[in-house]
Amino acid sequence: MAMWRSTDRILTTHGGNLPRPADLENLIADWRDHQPEIEERLPSAIKEVVDKQLECGVTILNEGEYVKAASGADYVGYIHSRVTGWETRPVDPAVPQKRGGVAERDRLRFPGFYESGLWLQGSGGPVRPGFFKPGAPQPPTHERVCTSPVTYTGYDAIGRDVDELVAAVEGRDAQGFIAALGPLSLGAGARNEYYPDEESYLMAVAEAMREEYKAVTDAGLVLQIDEPEFATTWMFYPDWSIEDYRRYLSFAVEVINHAIAGLPEDQIRFHVCWGSGHRPHVNDVPLKDIADPLVKINATAYSVEAGNVRHSCEWRVWEDVKLPDGKTLVPGVVSHATDLIEHPELVATRLMDFASVVGRENVQAGTDCGIGSRVGHPEIAWAKLAAMAEGAALASNRLWK
């Protein structure tokens, strides 16, 4: 089933993660002790989250990533139970780290900010007292190391993802998507001690992830590949120049395209963001420097963070970088970086800006990333989705009047 296009109105979607019902959230908090109850609750919870998305006006929707969360996993951690080939071992302080931290360039420019404790390491999350870190970032104590063949083993888990969503959207005026981690986000940060070189290692990671991707597309669902590392790797290597980084992205495109080789391009959406951790972000790689390799990825839609204050101005990049024919751009028009709920008129303005450069039929409304666990309260997340849909309706009335 090909991905829907905005033929008579701007369609709406989001990044993946959504708020969970309070009772399910409580069970997941102690997931090892409540597996039977979680298994019993999941089908109805997924139907509820589909209903809630439809109520908010979302047209390309998902299962809220509830199945992944049911195993107690986070955005990246879910995949570790679905693959083999790595082991976790203590960091040897005598061995240089493979790369710098999540915000290495920002840390070097704003050392006082990072030493103050007012930082949040990682990607996303609300800036509130319970999330403040005491003092400067500490070096990691453990690392993942590839020590055997990378193999995908998560067939039952992805089958559950697929079956639950297919059942929940059956008979609905909606298209289902499932988000899956990109090969770079799975493998690039780990040290390779098994394969002869980094290229063969990451190609093996890509082949393993293809198994998860194929299960999604075989079910007729849209596959979203979550690959923030396409933009955030720039932070990990502060000595690289833009030319160095673009050479790396050429290789990254090869890895990603290898992961989706043989799969239906018109069912694939590629998501990229700048990590969205609560930090300055002044050293994010500009979109203008990564947009042309981005559109070489063999997907039919590109979901790009565009709602936060560092990147909302970058819609003009598409005046210079041509979106290939038949492709769709899914800019984030609401952001999880703030609990302020975007005005529908702002959403409409953002969408019309994009439509003015790539064409109205080539735009869908999206969020910067998943918003379920990153804004302050579920009410905020749902209100943002509703504002997004209302703004998309305003823009549609103006573009198709």
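Overview of the structure. Here the structure is a predicted model, which means the values were calculated and not measured. (Residues numbered from 1 in each chain as written. Predicted model: local features only at pLDDT ≥ 70, side-chain atom pairs only at ≥ 80, totals over all residues. Heavy atoms only, no water.)

**Let's talk about the sheet that holds strand β9 (residues 301-304)**
And then number 1: With parallel pairing, eight strands are arranged side by side in an open sheet as β1-β11-β10-β9-β8-β7-β5-β2. Each edge of the sheet is formed by a strand with only one pairing partner; in this case those strands are β1 (11-12) and β2 (60-61).
And then number 2: For β2 and strand β5 (residues 175-181), the ladder comprises two bridges, and the chain directions are parallel. Within β5, the position partnered with Leu61 by the bridge is Gly176.
And then number 3: Sheet contacts for helix α14 (residues 378-399): β1, β10 (328-334) and β11 (364-367); angle to β11, the most-contacted strand, approximately 160°. (Pairing = 2+ DSSP bridges. Helix = DSSP H or I, 4+ residues; strand = E, 2+ residues; numbered from the N terminus. Contact = heavy atoms within 4.5 Å. Axes fitted to C-alpha atoms, helices over the stretch in contact; angles between N-to-C directions.)

**Describing the sheet that holds strand β3 (residues 83-90)**
And then number 1: Overall, mixed pairing links the three strands, which are arranged β3-β4-β6 in an open sheet. Each edge of the open sheet carries a strand with a single partner, namely β3 and β6 (191-192).
And then number 2: Bridge count for strand β4 (residues 142-152) against β6 is two bridges, and the pairing is parallel. When the sheet's bridge partners are listed, Val145 is paired in β6 with Arg191.
And then number 3: Packed onto the sheet, helix α8 (residues 198-218) meets β3, β4 and β6 and runs at close to 65° relative to β4.

**Looking at the nonpolar core**
And then number 1: With 106 residues, the main nonpolar core has Phe230, Phe270, Tyr302 and Trp318 as its most contacted residues.
And then number 2: Here this core gets ten residues from one element, more than from any other, and that element is α8.
And then number 3: Beyond its immediate chain neighbours, meaning those up to four positions away, Phe230 contacts Tyr245, Leu249, Ala252, Val253, Ile256, Phe270, Val272, Ile290, Pro293, Leu294 and Ile297.
And then number 4: Counting residues in each nonpolar core, the second largest holds seven residues, with Ile60, Phe177, Val222 and Val330 among its members. (Core = buried A, V, L, I, M, F, W, Y, C linked by side-chain atoms within 4.5 Å. Buried < 20%, exposed > 50% of the residue type's maximum accessible area, 1.4 Å probe, protein only.)

**Brief notes about the packing of aromatic side chains**
And then number 1: Evaluated as defined, the whole model comprises nine aromatic pairs.
And then number 2: Residues Tyr194 and Tyr195 carry aromatic rings whose centres are separated by 4.9 Å and whose planes lie at 80° to one another, so their mutual orientation is edge-to-face.
And then number 3: Each ring, one from Trp240 and one from Tyr248, has its centre 5.5 Å from the other, and the planes form 45°; the classification is tilted.
And then number 4: For Tyr248, a relative accessible area of 15% corresponds to the buried category.
And then number 5: Seen from the ring of Phe236, Arg99 lies directly overhead, with NZ or CZ sitting 3.8 Å from the centre.
And then number 6: The ring of Trp234 carries the charged tip of Arg105 above its face, separated from the ring centre by 3.5 Å. (Phe/Tyr/Trp six-rings, centres within 6.5 Å; stacked < 30°, edge-to-face > 60°. Lys NZ or Arg CZ within 6 Å of the ring centre and 35° of its normal.)

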